[in-house]
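# Working through the structure, step by step
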Amino acid sequence: MNEMTTVSYEQLPYSAAAQAFLARQPRLFINNEWVESSEGATIAVEDPSSGKIVTRVVDASNRDVDRAVAAARAAFDDGRWSNLPPMVRERTMNRLADLIEAHADEFAELEAIDNGKPKGMAGAVDIPGAISQIRFMAGWASKVGGDTNAPYTMPAGLVFSYTTKEPVGVCAQIVPWNFPLLMACLKIAPALAAGCTLVLKPAEQTSLTALRLADMVAEAGFPAGVVNIITGNGHTAGDRMVRHPDVDKVAFTGSTEIGKLINKNATDSMKRVTLELGGKSPVVVMPDVDVATAAPGAAGAIFFNSGQVCVAGSRLFAHKSIFDQVIEGVAEASAFWAPRPSLDPAGHSGPLVSKEQFDRVMGYIEAGKRDGASVAIGGDAPTADGYYVNPTVLVNVNPQMSVVREEIFGPVVVAQRFEDLDEVAKMANDTCFGLGAGIWTKDVSAMHRLASRIKSGTVWGNCHAMIDTALPFGGYKESGIGREQGRAGIEAYLETKTVIIQL
C-alpha cells in the first residue's frame, strides 16, 4: 500500500473545451431553448479532486419546474413526437448517440471534473454505455406493438379484440450522481423510443454532462419540448416534479430512503413509478476458486468507481478454508484502486463525489471500528485536499453492525467467513436489499444452486457488475420497483390498451 502515499493529489489543468463550458452562464434547457431561472438561485459545482468550486448551475424554482413540465405536456399532447413515424424517431435518437460519440472525450472530461471518477474510466465505461443505451432503445421505436387476442368466454366471430401499446405520457426522470451521463441516457432512451416526452433532472452534485447533453438534443433535431433538462435540488425541484399533476410517470435512481418518499408522493395521483434503489450486494467466494483470479475480482467489485455503485460487492463472503488468502489477495489488488485525481491518466479510481459523501463513508468506518470491526487495509484518507478515501477492508464483523447492514456507497467492504452453501445463501439474503450478487466458483452445480437461492435482481458468476443494455436490470425487496434496460425497460414507458369490438 506504499503506492498510496506517493501519489500527487493535485488536479491537472482542464482542457480549453472544458474551461469554455464551465464559463457558461447557468441556464435551464426548456422547449429547446436555454432560459434564465425565474428566481436566479444557483448551486455551486465542486471538483471533488480538489474540493474547489469550478462553476455554478441553476437551482430550479417551482415556477421553473412548472415551465418545463408544461413544455413536455404540450409536446406530448399535440403528438409532435409520438405521432412521428417510428423510423424518424429512431433516426433522431441515433443522431443524438452519434453526437455524444463525436464529443466523447469532452463528455469524459466533464464527468471526471464533476463526479471525480477517472477520465479514463468515464471514457471506457460511462460514455460508451450512454451511447449504447440510446442506440439499443432507438431500435425499439419501430418494434413496439400489440396483439390480437381471441376471447376465452365468447364464441368465435362475436367480437374482434386486440391490444395496443401507447406511450405513458410526460415523464419526470431523476438520476443519481455516480454515473451521471450514463444514467441520464438510460432514462431518456426508453422514454423517447416509447413516444413519451420528459423532464430530466440530474443530481445537484453532478449536472454538467446533462447540460452538455442538452446541446446535443437541440442539434439532433428533437422537436421542442420533447426533452427538457433542468438542474436543482432534489428536495425542491425533484419533489415538485414528482408531485406535479401533469406528470404521468416518475423514474428515479438513487437511495432507498428517497425512493420510498417518491413512491409515497407519486401514489397520490397514481403516477406510474420505476425505482432503482440501493444495494448491499454479496460476493460469495467458494473454496474451489483460483484465489489469484477471484480476489482481484472481489476487489474490483467494491473498489471500482470508489465503491459508489449501487451493485458494489460490499459484503464479501469467503469460505473459511481460503478466507485469509482471499483477504490477502484483495489487499494486494487494492493498490490498483488507490485513488488519484480524476484527470490523472494513471488513475483507476478517484475521490468520492462530495464532502458530504466523504464524511458519510468515514463515519461508517469509524462506526465499524467502534462496534468491534478490525481494519485489514485502508480505513483512512490519504490527503486533506479533495475527498479521497483509501480502499478499505473490514474484518471481524457481525450481522448487527451498521457497516454490514447499511449501504455505505464508498470503497468499503465487510468480509465474513462461511462453511457451506446453505449457510452462505442465508447470510447473503440477510438484508433488506436485493439488487446484485456475485458468485465465484468452478462448480457449475454450486453456481446454479446458489444463483437460484439468492434473492437478487442480477446474479453474476465469476464476474461482477457486467451490465448490458439488452438485459433487464432492477432489484428485489427494497432495491426497487420495476426493471430498466432490455424489452422490460421500454415496457415501463408504455400503457397497454385493450379494444373489444362487437361484430
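Since the structure is predicted, the reported quantities are computational estimates derived from the model, not experimental observations.

### Some details on the packing of aromatic side chains
Scanning all chains against the criterion turns up eight aromatic pairs. Consider the rings of Phe336 and Trp337, whose centres lie 4.9 Å apart with planes at 85 degrees: the pair is edge-to-face. Grouping aromatic residues by their ring pairs yields a cluster made of Phe179, Phe304, Phe336 and Trp337. Above the ring of Trp34, the side-chain terminus of Arg24 is found at 5.2 Å from the ring centroid. Lying across the ring of Tyr493, Lys249 places its NZ or CZ 4.7 Å from the centre.

### Looking at the sheet that holds strand β13 (residues 374-377)
Reading across from one edge, β13-β14-β15-β12-β11-β16-β17 is the order of the seven strands in this open sheet, with mixed pairing throughout. Whereas interior strands pair on both sides, the edge strands pair on one side only; in this sheet they are β13 and β17 (458-461). With strand direction ignored, the average angle separating the axes of adjacent strands in the sheet is 25 degrees. Across the sheet, helix α15 (residues 444-453) is in contact with β11 (282-285), β16 (436-440) and β17; its angle to β16 comes to roughly 165 degrees.

### Let's talk about the UniProt feature "active site" (unreviewed entry) in the chain
According to UniProt, the feature "active site" (unreviewed entry) maps to Glu276 in the numbering used here. On the secondary structure map, Glu276 appears in strand β10 (residues 272-276). Residue class for Glu276 comes out buried when judged on its relative accessible area of 3%. For Glu276, the residues in contact, after removing those within four places along its chain, are Met183, Phe252, Thr253, Gly254, Cys310, Leu435, Phe473, Ser479 and Glu484.

### Quick look at the domain arrangement of the chain
Assigned domains within the chain: domain 1 (18-277 + 479-500) and domain 2 (282-461). Of the residues lining the interface, 26 residues belong to domain 1; the matching set on domain 2 comes to 27 residues. For the pair domain 1 and domain 2, the two sides together bury roughly 2000 Å², of which 60% comes from carbon and sulfur. Counting across the interface, domain 1 meets domain 2 through zero salt bridges. Counting across the domain 1 and domain 2 interface gives 11 residue pairs in polar contact (both at pLDDT 80 or more). Within the residue set of the side of domain 1 that touches domain 2, elements represented by two or more residues are α4 (104-115) and α5 (119-140). Ranked by the residues each element gives to the side of domain 1 that touches domain 2, the list is headed by α4, at five residues.

Scoring rules and cut-offs
- Residues numbered from 1 in each chain as written.
- Predicted model: local features only at pLDDT ≥ 70, side-chain atom pairs only at ≥ 80, totals over all residues.
- Heavy atoms only, no water.
- Phe/Tyr/Trp six-rings, centres within 6.5 Å; stacked < 30°, edge-to-face > 60°.
- Lys NZ or Arg CZ within 6 Å of the ring centre and 35° of its normal.
- Pairing = 2+ DSSP bridges.
- Helix = DSSP H or I, 4+ residues; strand = E, 2+ residues; numbered from the N terminus.
- Axes fitted to C-alpha atoms, helices over the stretch in contact; angles between N-to-C directions.
- Contact = heavy atoms within 4.5 Å.
- UniProt positions renumbered as here; feature names shortened; annotations may be inferred.
- Buried < 20%, exposed > 50% of the residue type's maximum accessible area, 1.4 Å probe, protein only.
- Domains from an automatic or database assignment.
- Buried area = accessible area lost by both parts, 1.4 Å probe.
- Salt bridge = Lys/Arg side-chain N within 4 Å of Asp/Glu carboxyl O.
- Polar contact = N/O pair within 3.5 Å; in protein donor to acceptor, adjacent residues only side chain to side chain.

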